[in-house]
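Observations on chain architecture
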Amino acid sequence: MREVGRGGRVPSPAGEAALTLGSDERERLLRAARGAKGSEVCGLLLGRRRGRDVAVERVLRLANAAAGGAAAGSFRIRPVDHLRAERSALEEGLVVVGVWHSHPAGGARPSRVDCAAAVRGWVQVIVAPAASGGSDLRAWEVEDGEPRELALRAL
Ligand SMILES: [Zn+2]
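Numbers given for residues are sequential positions, taken from 1 along each chain in its written order. Selection of residues for local features in this predicted model requires a pLDDT of at least 70, selection of side-chain atom pairs for listing and counting requires 80 or more, and totals for whole chains, interfaces and linings are taken over all residues. Each side-chain value is derived from all of the structure's non-hydrogen atoms; neither hydrogens nor water enter the calculation.

Turning our attention to unusual backbone geometry. Its identity is not glycine, yet Lys 37 carries a phi of approximately 50°, on the positive side. Note on conventions: DSSP H or I runs of at least 4 residues are helices, E runs of at least 2 residues are strands, and numbering of each starts at the N terminus. Among the secondary structure elements, Lys 37 is positioned in the loop between α1 (23-35) and β2 (42-50). Accessible area is worked out with a 1.4 Å probe on protein chains only. A residue is then buried under 20% of its type maximum, exposed over 50%, and partly exposed in between. Look at Lys 37 and you get exposed, because its relative accessible area is 77%. Of note, Asp 144 is a non-glycine position whose phi angle comes to about 50°, a positive value. Structurally, the position occupied by Asp 144 is in the loop between β6 (137-143) and β7 (146-154).

It is worth spelling out the confidence of the model for the protein chain at this point. Mean pLDDT for the protein chain: 87, with 86% of residues reaching 70 or above. What pLDDT conveys is the predictor's confidence in a given residue, as a value from 0 to 100. Any pair of residues with heavy atoms lying within 4.5 Å of one another is described as a contacting pair. Note that residues 1-10 has pLDDT below 50 and, in this model, 14 contacts with residues that lie over four places away or in other chains.

What follows covers the coordination of the zinc ion. Donor selection uses N, O and S atoms within 2.8 Å of the metal (3.2 Å for Na, K and Ca). Since no water is included, sites may look incomplete. Within the protein, the zinc ion binds to His 101 (NE2), His 103 (NE2), Asp 114 (OD) and Asp 114 (OD); these donor distances fall in the range 2.0 to 2.7 Å. For the zinc ion, the four donor atoms in the first shell make angles of 53 to 155° at the metal, so the coordination geometry reads as irregular. Between consecutive donors of the zinc ion, the numbers of intervening residues give the motif H-x1-H-x10-D. Highlighted residues: His 101 in strand β4 (residues 95-102) and Asp 114 in helix α3 (residues 112-117), separated in sequence by 13 residues. Neither His 101 nor Asp 114 differs from the other in exposure class; each is buried. Site shape is set this way: if four donors have all angles between 85 and 135 degrees, tetrahedral; if opposite donors are over 155 degrees apart and all others between 65 and 115, square planar for four donors and octahedral for six; otherwise irregular.

Note: strands within a sheet are paired through backbone hydrogen bonds, in either parallel or antiparallel orientation. The seven strands lie next to each other as β1-β3-β2-β4-β5-β6-β7, forming a closed barrel whose pairing is mixed. The mean angle between the axes of side-by-side strands here comes to 35°, regardless of whether they run parallel or antiparallel. At least two DSSP bridges between two strands are needed for those strands to be called paired. With six bridges joining them, β2 and β4 adopt antiparallel strand pairing. Across the sheet, Cys 42 pairs through a bridge with His 101, a residue of β4. The convention used is that axes are lines fitted to C-alpha atoms, helices contributing only their stretch in contact, and that angles between N-to-C directions extend from 0 to 180 degrees. The sheet contacts of α1 involve β1 (18-21), β3 (53-62), β4, β5 (123-127), β6 and β7, and relative to β3 the element is tilted by about 40°.

Below is the structure:
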């Protein structure tokens, strides 16, 4: 059964973009971030777009190829991994809808670097297991360097 607005999250008002993320996939992201012991982890999101809304169907964890290593506080996905992800999405009738990464020590808001590196048309999901007070997983769209938060819908 489909539940909307579970866990205190409210459905987005009409006209606002939303990201749908199943609880299994959400749990997978949080587990990956928590298990990385301070290192930044990353991957791609496979799913579908319906207008401005994005539904994530599958979360891929990929190697963090950042210069200086994952502990350096940044992330980079190798082009070959991106290509493989595009191919497997295609085989499943999906598309790559965005990217996710973790902020081991900070909040789930995109950094200036994240905004500058944002791919147009992709969502950014940021997992921040150590976030205090706020949510530990938030979704963003970056347009002209400005982050705009997407409402989260659980499945
Ligand atoms: Zn970041």
